[in-house]
Amino acid sequence: MAKITQDQAHFLLLKINSLMGLIPIGVFLAFHLGINALRTVGPLQYQLSIDLINNLPFLFGIEIAFIYAPLLFHSMMGFYIYFSGKRNVGHYGYPRNWRYTLQRITGLIVFAFLIYHLGTTVAPKIFYGKHQFLAAPFLMDIMNAEFQTWSGRIIYLIGISSATFHFANGLWGFCVSWGIIIGQNAQRNASIVFAMVGLVLTFLGFATVLEFSLNPIPVTPTVGE
Amino acid sequence: MSQKTIKLKIKRQDNPRSKPYWQEFEIPYQPLSNVISCLQDIQKSPATANELGVNPVIWDCSCLEEVCGSCTMIINGRVRQACTALVDQIESPIVLEPMSKFPVVRDLMVDRNRMFRALKKVKAWVDIDGSQDLGEGPIMADSVRATRYTLSECMTCGCCLEACPQYTKDNSFLGAAAFSQVRLFNLHPTGAMHADERLEEVMGKGGIADCGNAQACVEACPKNIPLTDSIADISRQTSLKLLKDLLLK
């Protein structure tokens, strides 16, 4: 294998970072919000989806390879990108320049939100060893409690909308950065389509928050105990 | 009755290493003035409201018809050419600053050498010399000629880079102007013979992947060059080259 130069590595890392926002992180976000919206159908339906996920083979490996490692890489690259530019919407407040700035700010917000989100869900789940069928009641209790306070609701509403904006705008950025859409009309049309994708995902997330807030129903493990 | 005047507030700097400071000038109003003619008027008897005999304001200009790019400066907070900034059409007092992304030589004059180094780096030319007669080049389609004409209007003025949030004094970003020139010369039938060499130059640190798609460049371009189309097009060319290099080399 030919030795890779520093310039080639720089280019490759940025390209992979752009792709990684879509696969696997964006795909995970869409699935995560979509599956969580099962809570609006009913607590049992939601519980079964958590049961399925927590009984997957090699779950820990899947989580590391497809969620945590890509998120860590995307975050580190994000910080690099954040500090490589100097935002200037004060002087040049064009809509696209605003979205450039918001993409970076929402990235920072989502990073902070994920530390909170993982700290209140995954970390206690692992700490108390709530695996397989024990995961669903444990996690649902946490969420029920969290959505009883306005601070909890607001944290999630900000976190979810930042993530969906970052994803929808990032999809557009990915298409331009990889040269999939080129002309001005194509770029405008694509931004409308991706805005709709973002709105649908935001709706799914907000509906789930609303359901948890209005109906905090505890459940017992589907199997065992 | 008091005479109608033009007021200017100018950010000044005596040499590349000294601290900038502001001075205010007031000159008699003349119809159809532009910012350059105001600066020329100040030069005749340079004096601020409370200080006589200050140094005349230094600026750069050449063509006076917005094709050379040398009089680019920040006028009322927005980057543009001083020659086409007509006093009757802009707000008063007129605030003049040198571009912030390039080293100041003196007052409003900056050193845009980084832009010209970028053009050299991306080989923004068509190679026509060889050790033997290369003969005539291939014919160019008129549609390509039309696209290239628009791109060729770039005057390396620096507006796109001044407006760009990704182009800073302490990084090595090449910027929209250079990427658009890669597209210009890769579109040329003879220039295309060296397309890969140009692409390689923008596939590194400071290259096309560093672009954050803020698209302020295309808004700031005084020549209405479709810079964002060029960026997306070079993104496509480099993406394809990346895939080709990974899969076929």
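What counts, and at which threshold
- Per chain, residues are indexed from 1 in the order of the written sequence.
- Each chain takes a letter, starting from A, and each ligand takes a number, starting from 1, following the order in which they are written.
- Local features in this predicted model are restricted to residues whose pLDDT is 70 or higher, and side-chain atom pairs enter the listing and the counts only when it is 80 or higher, whereas totals over whole chains, interfaces and linings include all residues.
- The angle between two axes is taken between their N-to-C directions and runs from 0 to 180 degrees, where each axis is a line fitted to C-alpha atoms and a helix contributes only its stretch in contact.
- A run of H or I in DSSP counts as a helix once it spans at least four residues, and a run of E counts as a strand once it spans at least two, with each numbered from the N terminus.
- In these notes the angle categories are as follows: under 35 degrees is roughly parallel, over 145 is roughly antiparallel, 65 to 115 is roughly perpendicular, and the rest is oblique.
- With the far helix as reference, a near helix turned anticlockwise by less than a right angle produces a left-handed crossing, and one turned clockwise produces a right-handed crossing.
- Segment limits for the domains were obtained from an automatic or database-derived domain assignment.
- Any two residues are considered in contact once their C-beta atoms, placed from the backbone, lie within 7 Å.
- Note that Gly is not counted as nonpolar here; it falls among the polar residues with everything else outside the nonpolar set of Ala, Val, Leu, Ile, Met, Phe, Trp, Tyr, Cys and Pro and the charged set of Asp, Glu, Lys and Arg.
- Any two strands between which DSSP finds at least two bridges are classified as paired.
- Expected helix span is given by 1.5 Å per residue-to-residue step, counting one fewer step than there are residues.
- Our exposure labels follow a C-beta count within 10 Å of each residue's own C-beta, placed from the backbone: buried means 20 or more other C-beta atoms, exposed means 12 or fewer, and partly exposed covers the counts in between.

**Q** Help me understand the packing of helix α7 (residues 150–177) of chain A against helix α8 (residues 184–214) of chain A in this model?
**A** The geometry of a pair of packed helices is captured by two quantities: the angle between their axes and the separation between those axes. Residue and element names in this part refer to chain A. Between α7 and α8, the least distance of the axes is 9 Å, while the angle of their chain directions is 160 degrees. One finds that α7 runs roughly antiparallel with respect to α8. As α7 packs across α8, the resulting crossing turns out to be right-handed.

**Q** Just to check I follow, could you spell out the domain arrangement of chain B for this structure?
**A** For interface size, the figure often reported is the accessible area lost on association. Residues and elements named next belong to chain B. Assigned domains of chain B: these are domain 1 (5–110) and domain 2 (113–248). Tallying the contact residues gives 12 residues for domain 1 and 13 residues for domain 2. Here the side of domain 1 that touches domain 2 gets three residues from one element, more than from any other, and that element is strand β4 (residues 78–81). Each residue belonging to the side of domain 1 that touches domain 2 can be placed in one class, and the counts come to five nonpolar, four polar and three charged.

**Q** What is the right way to read unusual backbone geometry from this model?
**A** A negative phi holds for most residues other than glycine; trans holds for most peptide bonds. A cis amide bond links Ile-23 of chain A with the next residue in sequence, Pro-24 of chain A, at an omega value of 5 degrees. The residue Pro-24 of chain A is located in helix α1 (residues 6–36) in this model. Along the chain, Ser-92 of chain B connects to Pro-93 of chain B via a cis peptide bond; the corresponding omega equals 0 degrees. Checked against the element boundaries, Pro-93 of chain B lands in the loop between β4 and β5 (94–97). Phi at Phe-58 of chain A takes a positive value of approximately 55 degrees, unusual for a residue other than glycine. Assignment of secondary structure puts Phe-58 of chain A in the loop between α2 (43–54) and α3 (59–84).

**Q** How should the sheet that holds strand β1 (residues 5–12) of chain B be read in this particular structure?
**A** The pairing of strands in a sheet happens through backbone hydrogen bonds and is either parallel or antiparallel. All names here are of chain B. The five strands are arranged β2-β1-β5-β3-β4 in an open sheet whose pairing can be described as mixed. The sheet is open, and its two edges are formed by β2 (21–28) and β4, each paired on a single side. Across this sheet, the average inter-strand angle for adjacent strands is 35 degrees, counted without regard to direction. Here β1 runs beside β5; their pairing, made up of three bridges, is parallel. Note on β5: the bridge partner recorded for Leu-8 is Ile-94. Along the sheet, helix α1 (residues 35–44) makes contact with β1, β2, β3 (72–75) and β5, crossing β2 at roughly 95 degrees.

**Q** Whenever I open this one, the interface of chain B and chain A confuses me. Can you help?
**A** Listed per partner, the contact involves 30 residues of chain B and 25 residues of chain A. Listing elements by their share of the side of chain B that touches chain A, those giving two or more residues are α7 (216–220) and α8 (227–248) of chain B. At nine residues, the largest contribution of residues to the side of chain B that touches chain A is made by α8 of chain B. Partitioning the side of chain B that touches chain A into residue classes produces 10 nonpolar, 13 polar and seven charged.

**Q** Any chance you could explain helix α4 (residues 95–120) of chain A here in plain terms?
**A** Helical periodicity: at 3.6 residues per turn, an α-helix aligns residues three or four positions apart in one direction. Over its 26 residues, α4 of chain A runs 36 Å from end to end, which matches the ideal 38 Å to within 8%, given 1.5 Å per residue. Along α4 of chain A, the residues classified as buried are Asn-97, Arg-99, Tyr-100, Gln-103, Arg-104, Thr-106, Gly-107 and Val-110 of chain A. On the buried face of α4 of chain A, the contacting elements are α3 and α7 of chain A together with α7 of chain B.

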